[in-house]
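# Summary of the model geometry
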Amino acid sequence: MTKIDKIDRQILREMTGNGRISNLELADRVGLSPSACLRRVTALERSGVIRGYRAVLDPGRLGIGFTAYVTVGLNEHTKAAQDAFEKAISQAPEVRECHNITGNREYLLRIEASDLTAYKRFHTDVLGTLPQVSAITSYVVMGSSKDDRA
């Protein structure tokens, strides 16, 4: 585990809010010189605390008007069944996240589709055809008051 102090946490908080913040502005916000700030950011990158940078996209402008969280139960609790399911799901562009979870289901998926019709097609033609799947429960997102994913 990487040792992170108060200043590192401030840097991470600022960068989480704005990954394109300039080093000069970041240094000013956390109370460091630009060179000291850059050294810390570089160290956080090298240690793997900062894994990368990405753009946050507007789903609506990309034609994505439907989001659902889906729990999936498998009919076998074997490594082979999990591997086969994960391999199949990794090929589905509608699946934006796939998490192996605890509880009465094995997986939690975040699905994005253009609309309900496209989701139904994914549900029937992808999830519904996987031989490992024994149960599917969909939770349709009606609104999001907070979403910190970047």
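Residues numbered from 1 in each chain as written. Predicted model: local features only at pLDDT ≥ 70, side-chain atom pairs only at ≥ 80, totals over all residues. Heavy atoms only, no water.

### Details of the pattern of salt bridges
All told, the structure shown has 10 salt bridges when counted by the stated rule. Notably, a salt bridge pairs Asp-58 with Arg-61, separated by 3.7 Å at the nearest N-O pair. According to the relative accessible area criterion, Asp-58 is partly exposed, its value standing at 41%. Taking the relative accessible area as the measure of exposure, Arg-61 reaches 75% and is therefore exposed. Connected through salt bridges with shared partners, the residues Arg-96, Glu-97, Arg-110 and Glu-112 form a single ionic network. (Salt bridge = Lys/Arg side-chain N within 4 Å of Asp/Glu carboxyl O. Buried < 20%, exposed > 50% of the residue type's maximum accessible area, 1.4 Å probe, protein only.)

### Here we look at the packing of aromatic side chains
Under the criterion given, the structure shown has 3 aromatic pairs. Seen in terms of ring centroids, Phe-66 and Tyr-119 are 5.0 Å apart; in terms of plane orientation they differ by 25°. Their pairing is stacked. Residue Phe-66 is found in strand S1 (residues 66-74), and its partner Tyr-119 is found in helix H5 (residues 116-125); the two are separated by 53 residues along the sequence. For the pair shown, Phe-66 and Tyr-119 are each scored as buried. Ring centres of Tyr-119 and Phe-122 lie 6.3 Å apart, and the angle between their planes is 40°; on these two criteria the pair is classed as tilted. (Phe/Tyr/Trp six-rings, centres within 6.5 Å; stacked < 30°, edge-to-face > 60°. Helix = DSSP H or I, 4+ residues; strand = E, 2+ residues; numbered from the N terminus.)

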